[in-house]
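Chain by chain, the residues:
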Amino acid sequence: MEKKHSSHQFRSNTLPALVMVGPVALLLVLLVAVPLVYVAVMSFCTTDEYYNVVFKFSLANYGKLLSPDYIKIYGQSILIAFITTLLCILIAYPFSYIIARTKSKRKQLFYMLVIIPFWTNSLIRVYGWRTFLGTNGWLNNALQALHITTEPLDFLYNQGTTVLGMVYCLIPFMILPLYTAIEKLDGSLLEASSDLGAKPVKTFFEVILPLTASGIFSGSIMVFIPCLGYFFVSNILGGGNSDVIGNLIERQFKSGNNWPLGAALSIILILVTLLLVKIYKKLGGDMDSLGV
Amino acid sequence: MKRKNKKAFHGIFNVAFCGLVYLFLFLPISVIVVNSFNATTSKPYLSWKGFTFDWYVELWSNTSLLSAFGNTMIIALVSTILATIIGTLGAVGMYKYKFKGKGILNSLLYIPVVIPEIVLGISLLTIFSNVNIPRGMLTLILSHVTFCVPFVIFNVRARLDGYDNSIEEASMDLGANRIVTFFQVTLPVLAPGIGGGALLAFTLSIDDVIISYFVNGQTKTYPLKVMESIKSGVSPDVNALSTIILIGTIVLVVLTQSNLLKKKKEE
Amino acid sequence: MKKKIISLMMCAALAMTALTGCGGTEKKADNGEINIFVWTEYVPESVFDKFEEETGIKCNVSTYSSNEDMLAKVKSEAEGTYDIVLPSDYMVQSLIEQGMVEELDKEALTNLSNIGESYLNPSYDPGNVYSVPYQGGVAAIAVNTAKIDKEIKSYDDLFDPSLEGQLVVLDDYRAVIGMTARSLGYSMNETDPDKLAEIETKLLTLKNNVKLYDSDSPKSALISGDANVGMIWSAEIALSMEENPDIKVVYPEEGAYVFMDNWMILKGCKNYDAAMKFINFMLDTESAQLVSEEFPYLCPNTAAVEAMGSDYSENEAKNPPAEVISSGEYVENLDNETLEIYNEMWTKLKE
């Protein structure tokens, strides 16, 4: 028995590994790694007077990106992403917990209700907020009709609305992994904990939270990082006043027409993200145990 | 008694909290639905000019919007299926086997999630134009598979996290080969993760606008059409189409739900 | 359970695809198709429909928000992806210099005589070898007089602190920086570093006044009341005036940013004759009228202007006075270093 077992493990791992991992490896190498190397190379290039990329080594792009003006935008962008992530956790955790642990027969329906809105195009939905919050929008009209306010209030086009739009767009990325993690929780464990006399708060911090940390972490990654890049949210709801790093990149690739600078910005963004992951590893230990 | 009260309070709190979250999720959608019945014909279609069904009729003559929607559905279906297969195999393979370059592959996996979509879009575009693949349906599908695969893998992995390897070993010890084991033992355990991943992939694909913008060539998708119309105020026929899609999905969910409930009762 | 839901959803998705496939079958175009790349909110759907009906040539239309936007997209696509573009003056020159465009077949342009003398033979394309004018306009000032008491006469007035949070301005760095330069009495195409530094200082004082940046449909914010003053395209003002009579157009005393957009055919165009037919069609009087009805910019088609009568010619927002155009300034191509300074200013303004 022992022998057979080990031969199973040993016999032909190469072929199944290749079949299983091959396609994804091929895809990632050809459509992610190679293009990114190209972008990395481009970030050291310059442009000619017609905005064509010239392959001549230069560090000028990176020099420019370290100027205080840019650093201010990185800061603002990271702040927006941080607040968004925090709000997402605060809303999504109790929400996912309630719907994942409900005994209702309609549990599946509750889950689907989270996803349904996201089958409607996100641009229109973000635009919907604009209609709702505008000077003559639903909210202002309602407030005035109820005589709560006399003058329309200014809701739109600031960092607050940008954050609102980000939370709105990204919250399912927090809910879904949390739901999965919480659903996996073993009920008997919680019972055991309370049977052993642990208070709910203690059970939460010492049993539930550690077991669902993987959900929080992968949720945070999926919220925080897109947040840095979602330029259309700050365009539609921020009115162009609360740029995130994505707006800078978009501008370089579009109206600015300085692709090498945009490429350098992208590389910086990738480095920032890798740094975040590194810090996490240092603090929280093994990534794989978290199931990300 | 006290305990009961507390419980009831918990119940009310739970319902209220979830209700608020659902309100938040559905509020902009109600704006869309209401505006699809707005009789206004002047841009930016904001002021209310009375109730009409006209836009639902108008919609059917807007062939460019409809064919864009058709393209989106085709792209979403094909890339979800491909991404789910590739992602599930990859997740299980990476979980089970040790191989050279696993670490690199693992980090590569984060990249489509990590980098802003615009960078992925631009980098894909440069590659497609360097290799000279004509931009269109094919490049759209390839790109969508690329950014969907990691999400499938994340979902499957979250499931694998608590996966007990020994049941697979048991299956093989009982004489089942690898393939049978994979389909009969591994897949059912992972099904929720795979399903969640596929659903997420589909959702991401039908909604993608940034990456599609760079790799579409002359092929229009529904989000790209919306992107163009949003610049001048979303026109009510776009709202009408969104409303139809919404109603379609809701009907579908309700049908499956009641089916499931019925089956449970019969059992 | 979840799998069932998903498979059901997939089936429904398939069904929807099939449905739209049937609904969306387009009438087959016999005479080929052309790919047209134009500004957002600039060429009405009805004109394309009319052209398709008359010629049987199908139009695939895509839109862009700025000249640079267009250039970036055209460059990144294979030649032949777009046949016809609609760049502004300075971009016309740039496209010619880069050898990206085809000469126009003068013999096919039978309607060119509709265009007013003063609009032909521009400095950016002498002899109209590569381009013919479509429409022009001004980056003018819109004021909602019901909400704003201050009298606004110039670009300089837009910097007044009393206008805090009131402005919608074009999301276009050449326009906003150019406007600032004009307000100081400098050229929109200033290259002198000292003057640029001065411009930057002034530009940054605009920050508090700007509620939002929008190039595509700035009239929306004016109509909805989200902004009460605008530095936007003249026809956008004309359209907002139709929705809200309190809105007035003001042409800045310093001399305004003016522009003229032009039809061009890109190199690699797959259906040159059809493209020429389209451009000639756009020069037709009736087409120009259709365009003006929906997007009332400065119309170089004198035959159409006559036909439209006073509704067009006496509306200052639709038909900017001749002295506004003559005292105005066009954007020019600048060297890379200067553009970089412009870009930096813009980044600072928007951070």
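Up top you'll find the structure we're talking about.
Below is a summary of the structure that appears in this document. None of these values were measured; they are calculated from a predicted model. (Residues numbered from 1 in each chain as written. Chains lettered and ligands numbered in written order. Predicted model: local features only at pLDDT ≥ 70, side-chain atom pairs only at ≥ 80, totals over all residues.)

**Some remarks on the overall build of chain A**
Of regular secondary structure, chain A possesses 13 helices and 2 strands. Taken over the C-alpha trace, chain A has a radius of gyration of 24 Å; the compact-globule value for 292 residues is 19 Å, which it surpasses by more than 25%. Along the three orthogonal principal directions, the C-alpha set of chain A runs to about 75 × 65 × 35 Å. For chain A, the residues scored as buried account for 47% of the 292 residues in total. If you take every contact in chain A between residues at least 6 apart in sequence, the share linking residues at least 24 apart comes to 68%. (Helix = DSSP H or I, 4+ residues; strand = E, 2+ residues; numbered from the N terminus. Rg over C-alpha atoms; globule rule 2.2 N^0.38 Å. Buried ≥ 20, exposed ≤ 12 C-beta atoms within 10 Å, placed from the backbone. Contact = placed C-beta atoms within 7 Å.)

**Focus on the environment of Asp164(B)**
All names here are of chain B. Secondary-structure assignment places aspartate 164 in the loop between helix H6 (137-160) and helix H7 (165-173). Look at aspartate 164 and you get exposed, because 9 C-beta atoms sit within 10 Å. Expressed as a C-alpha distance, the spacing of aspartate 164 and threonine 186, which sit 22 residues apart in the sequence, is 9.8 Å.

**What to know about unusual backbone geometry**
One non-glycine residue, His147(A), adopts positive backbone phi at about 60°. The residue His147(A) is located in the loop between helix H7 (138-145) and helix H8 (159-184) in this model. Classification of His147(A) by C-beta neighbours within 10 Å gives exposed; the count is 7. With a phi close to 55°, Glu41(C) is a non-glycine residue in the positive phi region. Glu41(C) sits in the buried class, given 24 other C-beta atoms within 10 Å.

**What about the interface of chain A and chain C?**
Between chain A and chain C, the contact holds 24 residues from the first and 26 residues from the second. Broken down by element, the side of chain A that touches chain C gets its largest block of residues, 4 residues, from helix H4 (residues 68-101) of chain A. Residues of the side of chain A that touches chain C, tallied by class, amount to 6 nonpolar, 12 polar and 6 charged. (Nonpolar A, V, L, I, M, F, W, Y, C, P; charged D, E, K, R; others polar.)

**Remarks on the interface of chain A and chain B**
Accessible area lost upon the coming together of the parts is a frequently used measure of interface size. Of the residues lining the interface, 70 residues belong to chain A; the matching set on chain B comes to 75 residues. Top element by residues in the side of chain A that touches chain B is helix H2 (residues 14-42) of chain A. It accounts for 17 residues. Considered class by class, the residues forming the side of chain A that touches chain B number 48 nonpolar, 17 polar and 5 charged.

**Here we look at the nonpolar core**
Buried together is how nonpolar side chains tend to be arranged in soluble globular proteins. Ranked by internal contacts, the top residues of the largest apolar core, which has 257 residues, are Leu170(A), Cys227(A), Ile84(C), Ala139(C), Ala140(C) and Ala142(C). The element best represented in this core is H8(A), accounting for 15 residues. Each of domain 1 (20-136 + 260-318) and domain 2 (137-258 + 324-350) of chain C contributes no fewer than three residues to this core. Beyond its immediate sequence surroundings of up to four residues, Ile84(C) is in contact with Ile34(C), Ile36(C), Phe37(C), Trp263(C), Ile265(C), Ala275(C), Phe278(C) and Ile279(C). (Core = buried A, V, L, I, M, F, W, Y, C linked by C-beta atoms within 7 Å. Domains from an automatic or database assignment.)

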